[in-house]
Amino acid sequence: MADAQKFDLIVIGGGPAGYHAAIRAAQLGLAVACIDRWVGRDGKQALGGTCLNVGCIPSKALLDSSRQFWNLTHQFEVHGIAAKGASIDVGTMVGRKDKIVKQFTGGVAMLFKANKIASFFGTGKLLKGNRVEITGADGTKQTISAANVVIATGSVPIELPFAKFDGKHIVDNAGALAFDAVPKRFGVIGAGVIGLELGSVWKRLGAQVTILEALPDFLGTADADIAKAAAREFKKQELDIRLGAKVSKAEVKKGEVVVTYSDKDGEHSLTVDKLLVAVGRRAYTSELLGEGTGVKTDERGRIEVDEHCWAGVDGVWAIGDCVRGAMLAHKGFEEGMMVAELIAGKAGHVDYDIIPWVIYTEPEIAWAGKTEQQCKAENIPCKVGTFPFAAIGRAVAMNEPAGMVKMIAHAETDRILGVHMVGAEVSELIAEAVVAMAFKGSSEDLARIVHAHPTLSEAVHEAALAVDKRAIHKAN
Ligand code: FAD
Ligand code: NAD
């Protein structure tokens, strides 16, 4: 085994959380090493983790391609644009997505070089005394050490014992981002974020999509009004979402997948060409911790950390999907920067109360802060203002009248507690709400800020006015 190289910081995992920690620490003058094992579709190391390789970026690339196709075949007519005989070449679409992935994973490698970060390709294992053993693809081992180690090993899809991934018929997110043709019948287990986004991609391209969701309520983590409005739109798009559906079996027979599930009406069978299992993700921490490191994991395999992502052992930190909290790239980004700053002796902080969520369906769904249901459950007195996009000139001019903005403010202080949206481009509009909430703003603050006309952001302005029952373009 080679002699241990010494660094100030070793990051295990080069996904969004890990590469942010590495780059920020290098900016602050630390000698940094980052170990990552991800192998790209071209067989080479690909930094950027789930997000860049099989998550955020590739899914948004396909969502955008499929949205263009859907608009061409379903929306253009209303503008007087005829697009008869439109077709989609899936190979080109997936190839475009792969190119974008390569551009961004290569971009992280370039940033590592520019910041003089030592990049190791292999599997890291934390040993006692902040040493890390790296096993390369050919099995060779070397050990490096540092004063601080950040664990950022991310998460992997949860596999159902009765619907095991075979990479061909029963797939995870990576598989559903790489089909070579539009499946005629596409089944999804789980109407969560991945199920809705990837279900939308293949639906827009012509697949018949059925989503089986175990829970009786649709999108239970979103505000109930927003979930209801979104469900209405998905129904119009003929996304077949079946709630309270408990799947018990998925068998591949003669190139088809036969799924058995039961709901309140009894047992049913569904036959599809491809089945995506998207029932959540689990922290990826197995085989990561050597003997006697003192690092603890919880019942879900997540590394136990405090509010500053310190793992309870001198110099050991953990961030991103492998710890508690939302499994979102931007939550990992912020944790990465926080720990790098703390390690460098600076102040670091993440405001976990206002991490925005976005679901990139059509219409998009976005929120930050508490739902009305949470406020009620926590006995927080609140007042609510809503405003529909159907009354926003820009939304109607864009032929995007679906959805609304809902603002929740404290009944006594008027401080904004939550903002919830469903509609066109709300992934961008939510930033205004996050900024207002980060500055502890009130609905009155947003109501008095000038919003450009005509823009979609006027729905946020009107929702703020509506909290005080003084929206202009609707009856209060
Ligand atoms: P990961 O991105 O999982 O990275 C961990 C890295 O560590 C990987 O490269 C892995 O190979 C490596 N690794 C693991 N163990 C070891 C080891 N022992 N040694 C060396 N390397 C190791 N989030 C959003 O915010 N917005 C979105 O739009 C969004 N879309 C998504 C779409 C899909 C289909 C999926 C699956 C996820 C999406 N997410 C999205 C979630 C987002 O991808 C994750 O929250 C994010 O990637 C987590 O970052 P991370 O750095 O913690 O882990
Ligand atoms: P999810 O937690 O969002 O949804 C999983 C869904 O599957 C839930 O509705 C759950 O009730 C259901 N479910 C669980 N077991 C089931 C079963 N046996 N049968 C039927 N339904 C079942 O998980 P996901 O969609 O796999 O995504 C994982 C995570 O990745 C997300 O929670 C999110 O953190 C991240 N992600 C984020 C984005 C984004 O930010 N736009 C996009 C994709 C993924």
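Along every chain, residues carry numbers that run from 1 in the direction the sequence is written. Here chains are named by letter from A upward and ligands by number from 1 upward, in the order in which they appear as written. Side-chain atom pairs in this predicted model are given and counted only at pLDDT of 80 or more, local residue features only at pLDDT of at least 70, and totals for whole chains, interfaces and linings cover all residues. Water and hydrogen atoms play no part in the side-chain values, which are based on all heavy atoms of the structure.

**Some points on the overall build of the protein chain**
Then, in step 1: Runs of H or I in DSSP of at least four residues are treated as helices and runs of E of at least two as strands, each being numbered from the N terminus. Of the regular secondary structure elements, the protein chain holds 13 helices and 23 strands.
Then, in step 2: It is over C-alpha atoms that the radius of gyration is taken, and the globule rule equals 2.2 Å times the number of residues to the power 0.38. Taken over the C-alpha trace, the protein chain has a radius of gyration of 24 Å; the compact-globule value for 476 residues is 23 Å, and the two agree within 12%.
Then, in step 3: Over its C-alpha atoms, taken along the principal directions, the protein chain stretches across nearly 70 × 60 × 45 Å.
Then, in step 4: When each of the 476 residues of the protein chain is scored for burial, the buried share is 52%.
Then, in step 5: By the convention used here, residues are in contact when the closest approach between their heavy atoms is within 4.5 Å. Look at the contacts in the protein chain between residues 6 or more apart in sequence, and 63% of them connect residues 24 or more apart.
Then, in step 6: The protein chains shown are the only cover counted for residues, whose accessible areas, like all others here, come from Shrake-Rupley with a 1.4 Å probe. Per element, the accessible surface of the protein chain, about 22100 Å² overall, is 53% carbon and sulfur. Each residue gets one of three labels from its accessible area relative to the maximum for its type: buried under 20%, exposed over 50%, partly exposed in between, using a 1.4 Å probe on protein chains only.

**A look at the nonpolar core**
Then, in step 1: In this description, a nonpolar core means a group of buried Ala, Val, Leu, Ile, Met, Phe, Trp, Tyr and Cys residues linked to one another through side-chain atoms lying within 4.5 Å. If you look at the biggest cluster of nonpolar residues, it comprises 38 residues, and the most contacted ones within it are Phe 186, Trp 202, Phe 218, Leu 219, Leu 276 and Ile 365.
Then, in step 2: Looking at this core, the elements that each hand over two or more residues are helix H3 (56-75), helix H4 (90-114), strand E9 (185-189), helix H6 (193-204), strand E10 (208-212), helix H7 (224-236) and strand E20 (364-369).
Then, in step 3: The dominant element in this core, judged by the number of residues it contributes, is H7, at five residues.
Then, in step 4: The contact partners of Leu 276, leaving out residues within four places of it in the chain, are Val 171, Asp 172, Asn 173, Ala 176, Phe 186, Gly 187, Val 188, Ile 189, Ile 194 and Leu 198.

**Considerations on H7**
Then, in step 1: A helix is expected to reach a length of 1.5 Å times the quantity of its residues less one. With 13 residues, H7 should cover 18 Å at 1.5 Å per step; its first-to-last C-alpha distance of 19 Å lies within 8% of that length.
Then, in step 2: What H7 keeps buried is the set Ile 226, Ala 227, Ala 229, Ala 230, Glu 233 and Phe 234. Each buried residue of H7 lies within a common arc of 165° when the element is viewed along its axis, so the set occupies one face. Exposed side chains of H7 directed beyond 90 degrees from the buried face belong to Lys 228, Lys 235 and Lys 236.
Then, in step 3: The elements touched by buried residues of H7 are H6, strand E11 (240-242), E20, strand E22 (404-410) and strand E23 (416-423).
Then, in step 4: Any pair of N or O atoms that falls within 3.5 Å is considered a polar contact. Within protein, one atom must be able to donate a hydrogen and the other to accept it, and sequence-neighbouring residues count only if both atoms are side-chain atoms. Measuring from the backbone nitrogen of Asp 225 back to the side-chain oxygen at the start of H7 gives 3.1 Å, which picks out Asp 223 as the cap. Read the arc as the range of directions from the helix axis to the C-beta atoms.

**Quick look at helix H11 (residues 426-438)**
Then, in step 1: Its 13 residues give H11 an end-to-end C-alpha distance of 18 Å, which sits within 8% of 18 Å, the value for a rise of 1.5 Å per residue.
Then, in step 2: If you check which residues of H11 are buried, you get Val 426, Ser 427, Leu 429, Ile 430, Ala 433, Val 434, Ala 436 and Met 437. All buried residues of H11 project into a common sector of 160° when viewed along the axis, lining one side.
Then, in step 3: At its buried positions, H11 is contacted by strand E19 (357-359), E20, E23, helix H12 (443-447) and helix H13 (458-467).
Then, in step 4: Looking one or two residues beyond H11, the residue adopting positive phi is Lys 440, at roughly 55°.

**Brief notes about the domain arrangement of the protein chain**
Then, in step 1: As annotated, the domain borders come from an automatic or database domain assignment. Along its sequence, the protein chain is organised into domain 1 (5-157 + 282-350), domain 2 (170-279) and domain 3 (354-467).
Then, in step 2: Counting from both sides, the interface comprises ten residues of domain 1 and, opposite them, seven residues of domain 3.
Then, in step 3: A quick way to say it: buried area is the sum, across both parts, of accessible area lost when two parts are put together, with a 1.4 Å probe. Between domain 1 and domain 3, the buried area comes to about 800 Å², and carbon and sulfur atoms account for 65% of it.
Then, in step 4: What makes a salt bridge here is a side-chain nitrogen of Lys or Arg within 4 Å of a carboxyl oxygen of Asp or Glu, nothing more. Here domain 1 is connected to domain 3 by one salt bridge.
Then, in step 5: Across the salt bridge formed by Glu 362 and Arg 67, the nearest N and O atoms sit 3.6 Å from each other.
Then, in step 6: The tally of links from domain 1 across to domain 3 stands at two residue pairs in polar contact (both at pLDDT 80 or more).
Then, in step 7: Broken down by secondary-structure element, the contributors of at least two residues to the side of domain 1 that touches domain 3 are H3 and helix H8 (329-343).
Then, in step 8: Top contributing element to the side of domain 1 that touches domain 3 by residue count: H3, with four residues.
Then, in step 9: In the scheme used here, Gly and all other residues not listed as nonpolar or charged are polar, with Ala, Val, Leu, Ile, Met, Phe, Trp, Tyr, Cys and Pro taken as nonpolar and Asp, Glu, Lys and Arg as charged. Each residue belonging to the side of domain 1 that touches domain 3 can be placed in one class, and the counts come to four nonpolar, three polar and three charged.

**Focus: the site of ligand 2**
Then, in step 1: Any residue with a non-hydrogen atom lying within 4 Å of a molecule or strand is treated as near it. What surrounds ligand 2 is a group of 21 residues, the closest being Glu 197, Glu 213, Gly 280, Met 327 and Val 358.
Then, in step 2: Within the backbone of Ala 214, an N or O atom sits 3.1 Å from a nitrogen atom of ligand 2.
Then, in step 3: Here Met 327 contributes a backbone N or O atom positioned 2.6 Å from an oxygen atom of ligand 2.
Then, in step 4: Those elements giving two or more residues to the shell around ligand 2 turn out to be H6 and E19.
Then, in step 5: When the residues that make up the shell around ligand 2 are grouped by side-chain class, the tally is 14 nonpolar, three polar and four charged.

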